[in-house]
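Letter by letter, the chains look like this.
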Amino acid sequence: MKDQTDTLLHPEVTGFFDPATNTISYVVKDPGSNACAIVDSVMDIDYAAGRISYDHADEIIAFVRQNDLSVDWLIETHVHADHLSAAPYIQAQLGGKLGIGAKITVVQDTFGKVFNEGTEFQRDGSQFDRLFEDGDTYEVGGMTCRAIHTPGHTPACMTHVMGDAAFVGDTLFMPDGGSARADFPGGDAGELFDSIQKVLALPDETRLFMCHDYGPGGREILWETSVAEEKAHNIHVGGGKTKEEFVKFRTERDAGLEMPKLIIPSLQVNMRAGELPPADADGKRFLKVPINTL
């Protein structure tokens, strides 16, 4: 099959680390052309001041232009709760289609209610150019890529396999970081364990790229590992840990975690595909703070 053949391809992957949110965005270049995909971009926000900027996105745009790349896709692995997407800003300058998992509609319905968005907020995923179902394929230049539905952290989480590289979003962290939390609305620790098994079923040599790294124990920031390394050494699922052990651990751990500091602006923006909430009659835009809801 073509997607199996494409796992032999070795795309060039360039990571861009955002220290404000510990997020890694990626430019993924097709090895046979100048086509590329951009994965999980970041829009900067000074939350206390209510100001947004695009320094992180501008760095990616400059890299794409300097290397004469053509953007085929802007991929969101899920609706992030810890940073704001810069996909529309990048798309306006570089083109490309914007894609996310089809279960975005579940996330939009859930948080449309949380933020009391009203009927004017479309909950059908129409803000995106493509809604990926499990197993869907798409092209980056001559490279066939595949989307795998990996829910648990959120209902819309997808892992994107591009050649011998897989972009796992928040489903997995580096081996010493473990796995994502599963206590957000629509999250499920059991589903997360099953999704991680899908990722670990990829060939051992598959390169895995993380969406976040926090440098556990003070080590340097890292974002690339492999299926073999995760299977052997991941502190939450490696070494043959059972589903029951994982669910118990994840549930107890999540109960003590604080909400991400940018969850309120992130969800409102990212469920709109990175667009800010609509302006009022005076041209001003506002974010809502739901009380005792999240």
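What you are looking at is a predicted structure, and each value in this text was computed from that prediction instead of being measured.

Draft legend 1. Spatial organisation of the layout of surface pockets. In this model, the largest pocket occupies a volume close to 590 Å³. Forming the boundary of the largest pocket are 27 residues, of which Asp 82, Phe 173, Arg 181, Tyr 214 and Leu 257 lie nearest the centre. In terms of residue class, the lining of the largest pocket is made up of eleven nonpolar, seven polar and nine charged. Estimates place the volume of the second largest pocket at around 200 Å³. As for the second largest pocket, its lining consists of Ile 45, Tyr 47, Gly 50, Arg 51, Ile 52, Leu 276, Pro 277, Arg 285, Phe 286 and Leu 287. Split by residue class, the lining of the second largest pocket holds seven nonpolar, one polar and two charged.

Draft legend 2. Seen up close, the sheet that holds strand S8 (residues 130-132). Ordered in space as S1-S2-S3-S6-S7-S8, the six strands form an open sheet in which the pairing is mixed. The open sheet has two edge strands with one neighbour each: strand S1 (12-18) and S8. Taking the axes of each pair of neighbouring strands and ignoring which way they run, one obtains an average angle of 25 degrees across the sheet. Across four bridges, strand S2 (residues 23-29) lies against strand S3 (residues 35-39) in antiparallel orientation. The residue of S3 that forms the bridge with Val 28 is Ala 37.

Draft legend 3. Spatial organisation of the pattern of salt bridges. A full pass over the atoms with the stated rule returns eleven salt bridges. Arg 219 is the salt-bridge partner of Asp 213, the closest N and O atoms lying 2.7 Å from each other. Taking relative accessible area as the criterion, Asp 213 reaches 3% and is therefore assigned buried. Arg 219 gets classed as partly exposed once you look at its relative accessible area, which sits at 22%.

Draft legend 4. How the structure looks around the confidence of the model for the protein. Per-residue confidence for the protein averages 95 on the pLDDT scale, and 98% of its residues sit at or above 70. Of the regions scoring below 50 in pLDDT, residues 1-5 engages in four contacts with residues more than four places distant in sequence or in other chains.

Draft legend 5. Representation of the sheet that holds strand S13 (residues 207-209). A sheet is described by the order of its strands in space; here six strands give the open sequence S9-S10-S11-S12-S13-S14, paired in mixed fashion. Edge strands, defined here as strands with exactly one partner in the open sheet, are strand S9 (137-140) and strand S14 (224-226). Each neighbouring strand pair of the sheet contributes to a mean axis angle of 30 degrees, computed without reference to strand direction. Alignment of S9 against strand S10 (residues 143-149), held across four bridges, turns out to be antiparallel. Bridge pairing in S10 places Glu 139 opposite Thr 144.

Draft legend 6. Layout of the side chain of Asn 234. Relative to the assigned elements, Asn 234 resides in the loop between helix H6 (227-233) and helix H7 (243-254). Within the local environment of Asn 234, its side chain forms a polar contact with the backbone oxygen of Gly 178, the two atoms lying 3.0 Å apart. Of the polar contacts made by the side chain of Asn 234, one reaches the backbone nitrogen of His 236; its length is 2.8 Å. With sequence-adjacent residues up to four places away left out, Asn 234 is seen in contact with Leu 172, Phe 173, Met 174, Pro 175, Gly 178, Glu 229 and Lys 241.

Draft legend 7. Just the packing of helix H2 (residues 55-66) against helix H3 (residues 87-94), in detail. Between H2 and H3, whose axes approach to 10 Å, the crossing angle comes to 30 degrees. Relative to H3, H2 is oriented roughly parallel. The element H2 and its partner H3 pack so that their crossing is right-handed. Only Tyr 89, Ile 90, Gln 93 and Leu 94 of H3 make contact with H2, whose side of the interface consists of Ala 57, Asp 58, Ile 61, Val 64 and Arg 65. For the contact of H2 with H3, a count of residues per class yields six nonpolar, one polar and two charged.

Calculation criteria
- Residues numbered from 1 in each chain as written.
- Predicted model: local features only at pLDDT ≥ 70, side-chain atom pairs only at ≥ 80, totals over all residues.
- Heavy atoms only, no water.
- 1 Å grid on protein atoms, 1.4 Å probe; cavity = no way out; pocket = protein on both sides within 12 Å on 5 of 7 lines; lining within 4 Å.
- Points joined across faces, edges and corners; volume = space filled by probe spheres on them.
- Nonpolar A, V, L, I, M, F, W, Y, C, P; charged D, E, K, R; others polar.
- Pairing = 2+ DSSP bridges.
- Helix = DSSP H or I, 4+ residues; strand = E, 2+ residues; numbered from the N terminus.
- Axes fitted to C-alpha atoms, helices over the stretch in contact; angles between N-to-C directions.
- Salt bridge = Lys/Arg side-chain N within 4 Å of Asp/Glu carboxyl O.
- Buried < 20%, exposed > 50% of the residue type's maximum accessible area, 1.4 Å probe, protein only.
- pLDDT = per-residue confidence, 0-100.
- Contact = heavy atoms within 4.5 Å.
- Polar contact = N/O pair within 3.5 Å; in protein donor to acceptor, adjacent residues only side chain to side chain.
- Parallel < 35°, antiparallel > 145°, perpendicular 65-115°, else oblique.
- Left-handed = near helix turned anticlockwise from the far one by under 90°.

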